[in-house]
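An overview of the molecular structure
Below, each chain spelled out in residue letters.
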Amino acid sequence: MALDKKRIERRVPTAPSVPLGDHLPPFLQRIYLARGVQSPQDLALRLQYLADNSRLKGLSEAIALLREALDQGQRILVVGDFDADGATSTALTVSVLRALGADCRYLVPNRFEYGYGLTPEIVQLAAEQQPHLIITVDNGIASVEGVEEAKRFGIKVLVTDHHLPGADLPDADAIVNPNQPGCEFLSKHAAGVGVAFYVLSSLKSALRESGWFARKGMAEINLADYLDLVALGTVADLVPLDRNNRILVEQGLRRMRAARCRPGILALLAVAQKDYRQLRSSDLGFIVGPRLNAAGRLDDMSLGIECLLTEDPLEARHLAQKLDALNRQRKTIEEEMKRDAEQQLLQLADLDSASRWGLSLYDENWHQGVIGILASRIKERLHRPTIVFAPADPEATSGDDWLKGSARSIQGLHMRDALDLVAKRHPHLLQKFGGHAMAAGMTIRLKDFTAFSEAFDAVVRESLSADHLEAVVYSDGVLADEELSMEAVDLLGKAGPWGQQFPEPKFDDEFHVVQSKVLKERHLKLVLSRAASGQLYDAIQFNSDWVRQSPPGKARVVYRPDINEFRGERKLQLLVDYLEPCN
């Protein structure tokens, strides 16, 4: 594939409704204003400013179910999902309910055998444990048939979820989902773990107000002690960091930096050789999350959940090492799949306007647990909505050969709505699907792959313009020499948390490439001289396209300032996100 070409666009700061304060340096004020911050209140990330839980539809019914289960000693079974949000949601719910004295267990569907959500097959498996109440976390809003099956067994169901609902809601005993019709909760971007946190914190408040803890002779639990799990799941699930989510993430990060968190999280950081005291939100997404997700991708997410549940540091370290090994295995599989994908993409010429706008790729040897990552990589590289398919587990299907697909979108295309349109036009193509604006999953027949690919491409063409297919890299402008310092890096690290729709700052400028060297055949080590001042900077671009050819002598560079620590020495370094020749 050719070098990717992007348009560099600088963010435009808005005018604040209230001055942000002279204590913030001008470059940081500019960054905040470009992200919609309008007043100092928007930067106050204390728990007292969390959105009002009373506006969550279904909350009172959920609390009644949980109180009944606690008072009557009923068995509770938490049914989670096989990603990091699902794992943290499960660990949070199980930990809190057990702390309240509940007989609480969990069950996570193996993605290769049962698929996603509370399916009838999962309910049949759950029924063997004879639960009185099933709680779904990070799933359930689409589990119409599964809830019906639970009712057939006489099991009550509490659905907690954040995914977008379909036309029909399950007939559960209670549903808590900020995206369900009629819910007035202000934060529509809560992750599954965030929804579970709200339910459990509301339960704790109801128990306290009724004198339940005093009657039980039990000390009150502090839900803030579980915010490490909430922060991890929120960042790893890539939900938008609105103010409410930033409060949850910031408060969780503070506890992690003080080592007031699960032994499993500390162990996952340790195996990655990351100092917890210097933890940033991006580390949750790029270090902890992938190791946790590796269990669900390649094996069984119970391994990740147990790592988050254990209170024993030695056991946590042992489980973290297993997860780290799975993550290394995942990387190897991903590299092999990426090479196969590049060969397929070569057949699509240069992906100009005559080629497909919506990409669908399939290989019979691809691993079902890694297709989501591959879809993300291709989407990022080619800036097109991408769906990657792999064979479904034959034991989990019958009749026709089935494919599992994982989709990733770009700005301008709501992926779930696009799939819904495909399903309405071609009812036979999609067996089932679900997801978000930017990511979705689906099942199709192998024999329908070509027809689906064409139908999806047609919907994408109708939904997007050619401008949408031009990749844009956003910049916060130029940092002056005196602003580009290790002090600024520390300040930026503390100024977050950064994440989806509140992105980590990037800057751009023109530089002369003084030196360049290829590292490990993939990375580009550079010495850059700022064109305006001549100031020298060390820089590195990971997985650089320029390793295949010499970088230009003068380049416009989009970068993030960082600190490189090596053998106890700290030096300023620029992490290059994008580099293009200057005219």
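The following paragraphs examine the structure supplied in this document. (Residues numbered from 1 in each chain as written. Predicted model: local features only at pLDDT ≥ 70, side-chain atom pairs only at ≥ 80, totals over all residues. Heavy atoms only, no water.)

This part takes up the sheet that holds strand E4 (residues 133–137). One open sheet accounts for five strands, arranged E3-E2-E4-E5-E6; its pairing is parallel. The sheet is open, and its two borders are formed by strand E3 (103–107) and strand E6 (174–176), each paired with just one other strand. Strand-to-strand twist across the sheet, computed as the mean angle between neighbouring axes with direction ignored, equals 20 degrees. As paired strands, strand E5 (residues 156–160) and E6 are joined by three bridges and run parallel to one another. Opposite Val-159, over in E6, you have Ile-175 as the bridge partner. (Pairing = 2+ DSSP bridges. Helix = DSSP H or I, 4+ residues; strand = E, 2+ residues; numbered from the N terminus. Axes fitted to C-alpha atoms, helices over the stretch in contact; angles between N-to-C directions.)

Bringing the packing of aromatic side chains into the picture now. Inspection of every chain in the model, using the stated rule, returns twelve aromatic pairs. Judged by centre distance (5.8 Å) and plane angle (50 degrees), the ring pair of Tyr-362 and Phe-449 falls under tilted. Taken together, the positions of Tyr-362 in strand E7 (residues 359–362) and Phe-449 in helix H16 (residues 449–463) put the pair 87 residues apart, joining distant regions of the chain. Here Tyr-362 matches Phe-449 in class, with each residue buried. Taken together, a centroid distance of 6.4 Å and an interplanar angle of 90 degrees make the contact between Phe-511 and Tyr-537 edge-to-face. You can see Phe-511 sitting in strand E13 (residues 507–519) and its partner Tyr-537 sitting in strand E15 (residues 536–541), a full 26 residues away along the chain. Note on Tyr-537: relative accessible area 7%, which makes it buried. Here a set of aromatic residues connected by ring pairs shows up, and it is made of Tyr-362, Phe-389, Phe-449, Phe-452 and Phe-456. When the ring centre of Phe-502 is taken as origin, the NZ or CZ atom of Arg-246, which lies over that ring, is 4.0 Å away. Seen from the ring of Tyr-276, Arg-277 lies directly overhead, with NZ or CZ sitting 5.9 Å from the centre. (Phe/Tyr/Trp six-rings, centres within 6.5 Å; stacked < 30°, edge-to-face > 60°. Buried < 20%, exposed > 50% of the residue type's maximum accessible area, 1.4 Å probe, protein only. Lys NZ or Arg CZ within 6 Å of the ring centre and 35° of its normal.)

It is worth stressing that arrangement in space is one thing and function is another; only the former is reported here.
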